Amino acid sequence: MTSKQRSCLKGIAMTTEPILQIGKASLTPELTAAVDEALEARELIKITVLKNCTDDGNSIAQMLAERTHSEVVQVIGKKIVLYRQAKEEKKRKIVLPS
């Protein structure tokens, strides 16, 4: 992903509300499946890491990206933004600059 594409995704993510929360149980198979489904439906998602989660936001983001075959756009404090392009051309909602 180029810096121009990342910048475009960051701009979109600023106005997006978090749709998932990671709590005390941290990364569970159910949470990973939910993230995978959300990425398939939306392409770009924002996740909140709650205060009672003892794991670091960066490590959680990296693990989720590996498990869901997505890319970490940014991690700011307790917010994680992930992106995965839709497999089918007609399902794509976000057009990134080249």
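In what follows, the structure referred to is the one given above.
All values reported here derive from a predicted model rather than from experimental measurement. (Residues numbered from 1 in each chain as written. Predicted model: local features only at pLDDT ≥ 70, side-chain atom pairs only at ≥ 80, totals over all residues. Heavy atoms only, no water.)

Asker: Honestly, the pairing of strand β2 (residues 44–49) in this entry has me stumped. Any pointers?
Answerer: Remember that side chains alternate between the two faces of the sheet whenever the strand is regular. By the criterion of burial, β2 is predominantly enclosed, with six of the six residues buried. Side chains L44, K46 and T48 of β2 all project onto a buried face; the interleaved residues I45, I47 and V49 project onto the opposite face, where all are buried too. Both strand β1 (residues 20–22) and β2 contribute to a ladder of three bridges, which runs parallel. Paired with L20 across the bridge in β2 is I47. (Buried < 20%, exposed > 50% of the residue type's maximum accessible area, 1.4 Å probe, protein only. Helix = DSSP H or I, 4+ residues; strand = E, 2+ residues; numbered from the N terminus. Pairing = 2+ DSSP bridges.)

Asker: Is there a simple way to think about the pattern of salt bridges in this case?
Answerer: Between side chains of opposite charge, pairing is possible as soon as their charged atoms come close. The full count for this structure, using the stated rule, is two salt bridges. D36 is the salt-bridge partner of R84, the closest N and O atoms lying 2.5 Å from each other. One end of the pair, R84, is in the segment after β4 (79–83); the other, D36, is in helix α2 (residues 29–42), and 48 residues separate them in sequence. Residue classification places R84 among the buried residues on the basis of a relative accessible area of 11%. Looking at D36, the relative accessible area reads 32%, which means it is partly exposed. With a shortest N-O distance of 3.3 Å, E40 and R84 are connected by a salt bridge. Separated by 44 residues along the polypeptide, E40 in helix α2 and R84 in the segment after β4 bring together distant segments of the chain. Connected via shared salt-bridge partners are D36, E40 and R84. (Salt bridge = Lys/Arg side-chain N within 4 Å of Asp/Glu carboxyl O.)

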